[in-house]
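What follows is each chain in one-letter form.
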Amino acid sequence: STTSPPTGELYDRGAAVASISGTTVDAKSGELLAGVDVVGPGEAQARSDARGRFLLAGLALGTSGAVEARTADGRRASVRLRPLAEGRLEIVLHLR
């Protein structure tokens, strides 16, 4: 059996981290979209809430790549990221 390392080995308690928060919106109607699957760098995952809001937390500083969103009916959106700085980045995903 395998055991997980203590969290102290994964992150220093005082280590700076980044997060991405955002809103999922229908590109045509402007409606906020609930239940949208959102995937970020390092396979970070979230699902938008009833207000279309999501949070990808605990991301390493300097992480880059993209945030991608997909609805059950196939609408999609993607935002390319610059390397993440400390704190929270706010984005809006317009799904088409």
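This section reports on the structure supplied with the text. (Residues numbered from 1 in each chain as written. Predicted model: local features only at pLDDT ≥ 70, side-chain atom pairs only at ≥ 80, totals over all residues. Heavy atoms only, no water.)

Helix and strand counts for the chain stand at one helix and seven strands. Along the chain direction, N to C, the helices and strands of the chain fall in the order α-β-β-β-β-β-β-β. A buried classification covers 33% of the 96 residues belonging to the chain. Long-range pairs, those at least 24 residues apart, make up 54% of the contacts in the chain between residues at least 6 apart in sequence. (Helix = DSSP H or I, 4+ residues; strand = E, 2+ residues; numbered from the N terminus. Buried < 20%, exposed > 50% of the residue type's maximum accessible area, 1.4 Å probe, protein only. Contact = heavy atoms within 4.5 Å.)

What follows concerns the sheet that holds strand 4 (residues 53–59). Ordered in space as 4-1-7, the three strands form an open sheet in which the pairing is mixed. Only two strands of the sheet have a single partner each, and these edge strands are strand 4 and strand 7 (87–95). Between one strand axis and the next, the sheet turns by 20 degrees as a mean value, whatever way the strands run. As paired strands, strand 1 (residues 18–26) and strand 4 are joined by five bridges and run antiparallel to one another. Opposite I20, over in strand 4, you have L56 as the bridge partner. (Pairing = 2+ DSSP bridges. Axes fitted to C-alpha atoms, helices over the stretch in contact; angles between N-to-C directions.)

On to the pairing of strand 5 (residues 65–70), then. Both strand 2 (residues 37–39) and strand 5 contribute to a ladder of three bridges, which runs antiparallel. Across the sheet, residue D37 finds its bridge partner in strand 5, namely R70. Both strand 5 and strand 6 (residues 76–81) contribute to a ladder of six bridges, which runs antiparallel. The residue of strand 6 that forms the bridge with A69 is A77. Taking the residues that link successive antiparallel strands as the turn, the strand 5-strand 6 hairpin has five residues, and the phi of G74 there is positive, at about 100 degrees.

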